Amino acid sequence: MATPSNVTEIILLGFSPNREVQKTVSVLFLLMYIAIVLGNGLIVVTVMASKGLTSPMYFFLSFLSFVEICYCSVTAPKLILDSFIERQTISLKGCITQIFFLHFFGGTEIFLLTVMAYDRYVAICKPLRYTVIMNRRVCGLLVGAAWSGGLLHSFGQTFLIFQLPFCGLKVLDHYFCDVHPVLKLACSDTFLIGVLIIANGGSISVVSFMGLLASYVVILYSLRTQTSEGRRKALSTCASHIAVVSLFFIPCSFVYMRPCVTLPADKIVAVFYTVVTPLLNPIIYSFRNADMKNAMRRLMGRTVIWGEK
């Protein structure tokens, strides 16, 4: 049962009390959000429309791009809209809903990145059995497991927050609702719930990181027997994945794998895993990939031809 609360609205302070600064930040967020939707959306459409991008790597990449769009959409549109209509409030139910979807898509992304590391491990270390191991059914099950893991993680975080009474200060020094800042608004002892929140988020991060680390240790070890060309291709693919993992995991670990306290740097760090990573994903993963670039050119060419007809 949820604990009764007399707080119905929460004030989000955003990045600055200066309205002009806040609007400038919002314009930057708007430009980045448009780039995120267009870049990641182009990846999804390209993979779905191209007959040549049938390998599991592109299958997982299309889902990762879709999750990136959803993840950024949880926080960016509200910040942009609120700045231009000069509103700073969010309802308590809206705040908890934002936490749910933030951790749902964030957890799903963590599991998808782990799945993609496993895919690279099979492709590089067991190339002759790759198509047998990573068949369509297995790929579907792995994606389903990633979504289910994100849902369970999010449900756990939201359930814990939902038990707290909010009856005092209702000002949140952040630009979106998240578990650690919201804990400060509770008017009861939050120690136990704080420990459970850290355990929930920390266990996922540690298990996923260990899986990623194990995959790449084995991959690097197996590259000793590869040709120089094979090593170059394998390292190029792995470097893209490691870059995205680092951009997402390091800021997330800084925020979620520590005691439930808020720091002034949290807002800036949050920008990296909610906006910067989704923004760079198309550049790191796809625009450096020759097959993806060729598929995009063919898609654009077909679109132009259809438009002329």
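On a predicted model such as this, the values are computed, not experimentally measured, just so you know.

1. Observations regarding the sheet that holds strand 2 (residues 89–91)
Alright, step 1. Within the open sheet, the three strands sit side by side as 2-1-3. Their pairing is mixed. Here the strands that pair on one side only, and so sit at the sheet edges, are strand 2 and strand 3 (171–172).
Alright, step 2. Pairing of strand 1 (residues 9–12) with strand 2 involves three bridges; the strand directions are antiparallel. Opposite Glu9, over in strand 2, you have Ser91 as the bridge partner.
Alright, step 3. Sitting on the sheet, helix 4 (residues 92–125) is in contact with strand 1 and strand 2, with an inclination near 85 degrees to strand 2.

2. Concerning the packing of helix 4 against helix 6 (residues 136–162)
Alright, step 1. With their axes 7 Å apart at the nearest point, helix 4 and helix 6 run at an angle of 145 degrees to one another. Seen along the crossing, helix 4 lies across helix 6 with a hand that is right-handed.
Alright, step 2. Residues that form the contact of helix 4 with helix 6 fall into these classes: 18 nonpolar, nine polar and no charged.

3. Comments concerning the side chain of His103
Alright, step 1. Assignment of secondary structure puts His103 in helix 4.
Alright, step 2. Under the relative-accessibility criterion, His103 is labelled buried at 5%.
Alright, step 3. Of note is the side chain of His103, whose polar atom sits 2.9 Å from the side chain of Asp178.
Alright, step 4. In contact with His103, not counting residues within four places along its chain, are Gly150, His153, Ser154, Gln157, Asp178, Val179 and Tyr256.

4. Points about the environment of Leu61
Alright, step 1. Mapped onto the secondary structure, Leu61 falls in helix 2 (residues 56–73).
Alright, step 2. A C-alpha to C-alpha distance of 18 Å links Leu61 and Arg297, two positions 236 residues apart in sequence.
Alright, step 3. Those residues in contact with Leu61, other than ones at most four positions away along the chain, are Ile43, Met116, Asn281, Tyr285, Ser286 and Met292.

5. Looking at helix 4
Alright, step 1. Between its first and last C-alpha, helix 4 extends 49 Å over 34 residues, near the 50 Å set by a 1.5 Å rise per residue.
Alright, step 2. The buried fraction of helix 4 is high, at 25 of 34 residues.

6. Things to note about the state of the cysteines
Alright, step 1. Taken as a whole and judged by the stated rule, the model has one disulfide.
Alright, step 2. Between the sulfur atoms of Cys95 and its disulfide partner Cys177 the distance amounts to 2.1 Å. Judged by the torsion about the S-S bond (-120 degrees), the Cys95/Cys177 disulfide is left-handed. Here Cys95 is found in helix 4, whereas its partner Cys177 is found in the loop between strand 3 and helix 7 (179–183), with 82 residues between them in sequence. The pair Cys95 / Cys177 is uniform in exposure class, with both members buried.
Alright, step 3. Its sulfur unpaired, Cys252 is 13 Å from the next cysteine sulfur, which belongs to Cys72.
Alright, step 4. A residue is classified by how much of its surface remains accessible, and Cys252, at 7% relative accessible area, is buried.

7. A closer look at the pattern of salt bridges
Alright, step 1. Counted according to the given criterion, the structure contains three salt bridges.
Alright, step 2. A salt bridge links Arg120 to Asp119; its shortest N-O distance comes to 2.9 Å.
Alright, step 3. When its relative accessible area of 1% is taken as the criterion, Asp119 is described as buried.
Alright, step 4. Between Lys267 and Asp173 there is a salt bridge; the shortest N-O distance is 2.9 Å.

8. Observations concerning the UniProt feature "transmembrane region" (unreviewed entry) in the chain
Alright, step 1. Those places that UniProt annotates as "transmembrane region" (unreviewed entry) correspond, in this numbering, to residues 25–45, 57–76, 96–118, 138–162, 191–222, 234–256 and 268–287.
Alright, step 2. From the first C-alpha to the last, residues 25–45 spans 30 Å; its make-up is 100% helix and 0% strand.
Alright, step 3. Secondary structure within residues 96–118 divides into 100% helix and 0% strand; the distance between the first and last C-alpha atoms comes to 33 Å.

9. Examining a nonpolar patch on the surface
Alright, step 1. A cluster of nonpolar side chains, Val27, Leu28, Leu31, Leu81, Phe84 and Ile85, forms an exposed patch at the surface whose accessible area comes to about 550 Å².
Alright, step 2. Taken together, the elements giving at least two residues each to the nonpolar patch come down to helix 1 (19–49) and helix 3 (76–85).
Alright, step 3. Within the element layout of this structure, Leu31 appears in helix 1.

Conventions we followed
Residues numbered from 1 in each chain as written. Predicted model: local features only at pLDDT ≥ 70, side-chain atom pairs only at ≥ 80, totals over all residues. Heavy atoms only, no water. Pairing = 2+ DSSP bridges. Helix = DSSP H or I, 4+ residues; strand = E, 2+ residues; numbered from the N terminus. Contact = heavy atoms within 4.5 Å. Axes fitted to C-alpha atoms, helices over the stretch in contact; angles between N-to-C directions. Left-handed = near helix turned anticlockwise from the far one by under 90°. Nonpolar A, V, L, I, M, F, W, Y, C, P; charged D, E, K, R; others polar. Buried < 20%, exposed > 50% of the residue type's maximum accessible area, 1.4 Å probe, protein only. Polar contact = N/O pair within 3.5 Å; in protein donor to acceptor, adjacent residues only side chain to side chain. Expected span 1.5 Å × (residues − 1). Disulfide = S-S within 2.5 Å. Salt bridge = Lys/Arg side-chain N within 4 Å of Asp/Glu carboxyl O. UniProt positions renumbered as here; feature names shortened; annotations may be inferred. Patch = residues over 30% accessible without salt bridge, like charges linked within 9 Å, V, L, I, M, F, W, Y side chains within 5 Å. Areas by Shrake-Rupley, 256 points an atom, 1.4 Å probe, with all protein chains shown as cover.

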